[in-house]
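# Residue-level structural notes
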Amino acid sequence: MAIKYWEFEDAPFREKVKNPKVADIARIFFENETEAYRFAVLLSMAKKGGLRLKDVPDGIPIATAKRYLDYAVQLGLLKHENSIYELTDRYSKPFRNIASYIKAWMETPSEEDLSIEFANAKQGKQDKRGGRSQKESADSGPAGIP
């Protein structure tokens, strides 16, 4: 996600919220201009009263539209019921709660043992999977010349 925190601080946010644009929302989730455009088109069509996959414009492949719409459902921007994608408000309250949770974590002085929290995580450097061995690299001179 490409959230530029300064755009959502108090003063800039008050200016932005006066004229909200779907392009700004799409740019949060996609850095690629084409992906952001397609996502914005689909969101704006869903805003007009729901969107069915058969109503997707010709410029967007149906499989791509389905992937973007399902992503919007995962994010909580849309709901998918009876083959119709519609706007929903499952996003604002959880996001506000996440911000409160992060702030509470920042204010607690307790130390955490992350090796217990992430017991199944691989720790340390990964093993070398290919390329030259360490010995070959050390034996050869500059630019691979022995």
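The sections below set out a description of the structure shown in this document. Everything numeric here is computed off the predicted structure, so don't read it as measured data.

## A short note on the overall build of the chain
When helices and strands are tallied, the chain shows 7 helices and 2 strands. Secondary structure elements in the chain, listed N-terminal to C-terminal, are α-α-α-α-β-β-α-α-α. Taken over 146 residues, the chain has a buried fraction of 19%. Of the contacts made within the chain by residues no fewer than 6 positions apart, 38% connect residues no fewer than 24 positions apart.

## With respect to a negative patch on the surface
A grouping of Glu111, Glu112, Asp113 and Glu117 is seen on the molecular surface, where their side chains present a negatively charged patch. Within the secondary structure, Glu112 sits in the loop between helix 5 (92-107) and helix 6 (114-117).

## Some details on a nonpolar patch on the surface
Taken together, the side chains of Phe95, Ile98, Ile102, Trp105 and Met106 make up a nonpolar region of the molecular surface, amounting to roughly 560 Å² of accessible area. Within the fold, Met106 resides in helix 5. Looking at Met106, the relative accessible area reads 61%, which means it is exposed.

## Digging into the packing of aromatic side chains
Scanning the entire structure with this criterion turns up 7 aromatic pairs. Taking the centre distance of 6.3 Å and the plane angle of 90° together, the rings of Phe29 and Tyr71 count as edge-to-face. One end of the pair, Phe29, is in helix 2 (residues 22-29); the other, Tyr71, is in helix 4 (residues 62-75), and 42 residues separate them in sequence. The class for Tyr71 is partly exposed, based on a relative accessible area of 26%. Put simply, the rings of Phe29, Phe30, Phe39, Tyr68 and Tyr71 touch in pairs and so form one group of aromatic residues.

## Considering the packing of helix 2 against helix 3 (residues 33-47)
Packing of helix 2 against helix 3 brings their axes to within 8 Å, and their N-to-C directions diverge by 130°. When the interaxial angle is binned, helix 2 and helix 3 end up oblique. When the axes of helix 2 and helix 3 are compared, the crossing they make is right-handed. Two secondary-structure elements touch here, helix 2 through Val22, Ile25, Ala26, Arg27 and Phe29 and helix 3 through Glu33, Ala36, Phe39, Ala40 and Leu43.

Cut-offs applied
Residues numbered from 1 in each chain as written. Predicted model: local features only at pLDDT ≥ 70, side-chain atom pairs only at ≥ 80, totals over all residues. Heavy atoms only, no water. Helix = DSSP H or I, 4+ residues; strand = E, 2+ residues; numbered from the N terminus. Buried < 20%, exposed > 50% of the residue type's maximum accessible area, 1.4 Å probe, protein only. Contact = heavy atoms within 4.5 Å. Patch = residues over 30% accessible without salt bridge, like charges linked within 9 Å, V, L, I, M, F, W, Y side chains within 5 Å. Areas by Shrake-Rupley, 256 points an atom, 1.4 Å probe, with all protein chains shown as cover. Salt bridge = Lys/Arg side-chain N within 4 Å of Asp/Glu carboxyl O. Lys, Arg positive; Asp, Glu negative; His and termini not counted. Charge placed at Lys NZ, Arg CZ, Asp CG, Glu CD. Phe/Tyr/Trp six-rings, centres within 6.5 Å; stacked < 30°, edge-to-face > 60°. Axes fitted to C-alpha atoms, helices over the stretch in contact; angles between N-to-C directions. Parallel < 35°, antiparallel > 145°, perpendicular 65-115°, else oblique. Left-handed = near helix turned anticlockwise from the far one by under 90°.

Distances and angles like these do not, on their own, reveal function.
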